[in-house]
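Coordinate analysis (summary)
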Amino acid sequence: MVERLDLTFAALADPTRRAMLATLARGERSVGELAAPFAMSFAGAAKHVGVLERAGLVERRRAGRQQLCRLKAERLREADAWLRQWDQFWTSTLDRLEAVIAADQETSA
């Protein structure tokens, strides 16, 4: 699981790939369609798609001459679950800090 998370977060670290995923969240797109907003070559877009594919975030298939991509959300769910544990940790930690500060203010008032 740790290696999968590493691949997921490495893929998500790039703003172009995050934008491609956002586009794919609206439905299947060709590699050329994913490249268009960035004025990049097909080869450049295909490299980004390859990173997303290796991370398990995208599935690619051929339809004639086109390479069509679709979002695979399972790995995003895994990343979200990992992040949520840290959200809980920090919420709990900050709640305890807030209680200490409030108690300190009461004793000094």
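Residues numbered from 1 in each chain as written. Predicted model: local features only at pLDDT ≥ 70, side-chain atom pairs only at ≥ 80, totals over all residues. Heavy atoms only, no water.

1. Remarks on the overall build of the chain
- Helices and strands together make up the secondary structure of the chain, namely five helices and three strands.
- By the compact-globule yardstick of 13 Å for 109 residues, the chain is too spread out, its C-alpha radius of gyration being 21 Å.
- In terms of principal-axis extent, the alpha carbons of the chain reach across some 75 × 30 × 20 Å.
- Out of the 109 residues belonging to the chain, those deemed buried represent 28%.
- Pairs at least 24 apart in sequence give 53% of the contacts found in the chain among residues at least 6 apart.
- Looking at the chain as shown, the accessible area adds up to about 7300 Å², and 56% of this sits on carbon and sulfur atoms.
- Distance from the positive charge centre (17 side chains) to the negative charge centre (15 side chains) of the chain: 14 Å. (Helix = DSSP H or I, 4+ residues; strand = E, 2+ residues; numbered from the N terminus. Rg over C-alpha atoms; globule rule 2.2 N^0.38 Å. Buried < 20%, exposed > 50% of the residue type's maximum accessible area, 1.4 Å probe, protein only. Contact = heavy atoms within 4.5 Å. Areas by Shrake-Rupley, 256 points an atom, 1.4 Å probe, with all protein chains shown as cover. Lys, Arg positive; Asp, Glu negative; His and termini not counted. Charge placed at Lys NZ, Arg CZ, Asp CG, Glu CD.)

2. Side note on the nonpolar core
- Counting 16 residues, the largest nonpolar core has Val49, Leu52, Leu57, Val58 and Cys69 as its most contacted members.
- Residues within four places of Cys69 in sequence aside, it is in contact with Leu24, Glu28, Arg29, Val31, Leu34, Val49, Val58, Glu59 and Arg60. (Core = buried A, V, L, I, M, F, W, Y, C linked by side-chain atoms within 4.5 Å.)

3. What about a nonpolar patch on the surface?
- Together, Trp82, Leu83, Trp86, Phe89, Trp90, Leu94, Leu97 and Ile101 line one region of the surface with nonpolar side chains, adding up to about 790 Å² of accessible area.
- Mapped onto the elements of the fold, Ile101 is located in helix α5 (residues 74-108). (Patch = residues over 30% accessible without salt bridge, like charges linked within 9 Å, V, L, I, M, F, W, Y side chains within 5 Å. Salt bridge = Lys/Arg side-chain N within 4 Å of Asp/Glu carboxyl O.)

4. Observations concerning the pairing of strand β3 (residues 66-71)
- In this sheet, β3 lies alongside strand β1 (residues 29-30) in antiparallel orientation, the contact comprising two bridges. Along β3, the bridge assignment pairs Ser30 with Leu68.
- Sheet analysis places strand β2 (residues 58-63) next to β3, joined by six bridges and oriented antiparallel. Opposite Arg60, over in β3, you have Cys69 as the bridge partner.
- Hairpin connection, β2 to β3: the antiparallel pair is bridged by two residues, and Gly64 has positive phi, about 70 degrees. (Pairing = 2+ DSSP bridges.)

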